[in-house]
Amino acid sequence: MARSRARHNPADGKAPVRRAATAVAVVFLLVGILGFVPGITSDFGDLRFAGHDSDARLLGLFQVSVLHNFVHLLFGVAGLVLARTVTGARTYLVGGGAIYLVLWLYGLVIDHDSGANFIPVNNADNWLHLFLGLGMIALGVLTTRGRATR
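We now turn to the structure provided with this report. The structure presented is a predicted model; accordingly, all values stated were derived computationally and were not measured.

**Re the packing of helix H3 (residues 66–82) against helix H4 (residues 86–109)**
Part 1 of the reasoning: Taken N-terminus to C-terminus, the directions of H3 and H4 make an angle of 155°; their axes are 8 Å apart at the nearest point. With respect to H4, the axis of H3 lies roughly antiparallel. Residues His-72, Phe-75, Gly-76, Ala-78, Gly-79 and Leu-82 of H3 form the contact with H4, whose participating residues are Gly-88, Ala-89, Tyr-92, Gly-96, Ile-99 and Tyr-100.
Part 2 of the reasoning: For the contact of H3 with H4, a count of residues per class yields seven nonpolar, five polar and no charged.

What follows is the structure in structure tokens.
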């Protein structure tokens, strides 16, 4: 019985919410790193520290800057730290999802050609932030549903 159960459980023994938070955090780390790689980030020579005039595009779509890439890296590190506990992992996913929904709203209301677009974001980023926010919240809720967090 223990052997058959082991086949269905991950080898690391992590709760599903911890695995989800770790996976999301690793993706953020990769995105943060890839934002500094010429070729993966088009118009790399136009990468600026911050502001709407940073014309570099991750995967040719998503407007990035040095600040934007650092935010992804910090968000990834925070996710790895918080994924060490069930409560932390859930907080990372639900709280981080809420942050991305706020960022989505921010991207909708600002003028993308103004100084208010300091991160910077474009329409592709806005759609991504909406789906990230909803997806992270869903992961945080669905992977802990019916489970007491510790």
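**Here's the deal with the sheet that holds strand E2 (residues 57–58)**
Part 1 of the reasoning: Here three strands make up an open sheet; going across it, the order is E1-E2-E3 and the pairing antiparallel. The open sheet is flanked by strand E1 (41–42) and strand E3 (62–63), the only strands paired with a single partner.

**Side note on the environment of His-112**
Part 1 of the reasoning: In this fold, His-112 is placed in the loop between H4 and helix H5 (123–142).
Part 2 of the reasoning: For the pair His-112 and Asn-123, spaced 11 residues apart in sequence, the C-alpha separation works out to 8.8 Å.
Part 3 of the reasoning: Excluding anything up to four places from it in sequence, His-112 contacts His-52, Gly-107, Asn-117, Val-121, Asn-122, Asn-123 and Asn-126.
Part 4 of the reasoning: A polar atom in the side chain of His-112 sits 2.8 Å from the backbone oxygen of Gly-107.

**Here's the deal with the packing of aromatic side chains**
Part 1 of the reasoning: This model, assessed by the stated rule, comprises seven aromatic pairs.
Part 2 of the reasoning: With 4.8 Å between their ring centres and 65° between their planes, Phe-28 and Phe-75 make a pair best called edge-to-face. Note that Phe-28 is positioned in helix H2 (residues 16–34) and Phe-75 in helix H3, a separation of 47 residues in sequence.
Part 3 of the reasoning: For Phe-75, a relative accessible area of 13% puts it in the buried group.
Part 4 of the reasoning: Taking the centre distance of 5.3 Å and the plane angle of 40° together, the rings of Phe-75 and Tyr-92 count as tilted. Here Phe-75 is found in helix H3, whereas its partner Tyr-92 is found in helix H4, with 17 residues between them in sequence.
Part 5 of the reasoning: Linked through ring pairs, Phe-28, Phe-75, Tyr-92 and Tyr-100 together constitute an aromatic cluster.

**Some words on the environment of Ala-15**
Part 1 of the reasoning: Along the polypeptide, Ala-15 turns up in the loop between helix H1 (2–8) and H2.
Part 2 of the reasoning: You can call Ala-15 buried: its relative accessible area is 8%.
Part 3 of the reasoning: Considering only alpha carbons, one finds Ala-15 and Thr-85, 70 residues apart in sequence, at a separation of 8.8 Å.

Analysis parameters
- Residues numbered from 1 in each chain as written.
- Predicted model: local features only at pLDDT ≥ 70, side-chain atom pairs only at ≥ 80, totals over all residues.
- Heavy atoms only, no water.
- Axes fitted to C-alpha atoms, helices over the stretch in contact; angles between N-to-C directions.
- Helix = DSSP H or I, 4+ residues; strand = E, 2+ residues; numbered from the N terminus.
- Parallel < 35°, antiparallel > 145°, perpendicular 65-115°, else oblique.
- Contact = heavy atoms within 4.5 Å.
- Nonpolar A, V, L, I, M, F, W, Y, C, P; charged D, E, K, R; others polar.
- Pairing = 2+ DSSP bridges.
- Polar contact = N/O pair within 3.5 Å; in protein donor to acceptor, adjacent residues only side chain to side chain.
- Phe/Tyr/Trp six-rings, centres within 6.5 Å; stacked < 30°, edge-to-face > 60°.
- Buried < 20%, exposed > 50% of the residue type's maximum accessible area, 1.4 Å probe, protein only.

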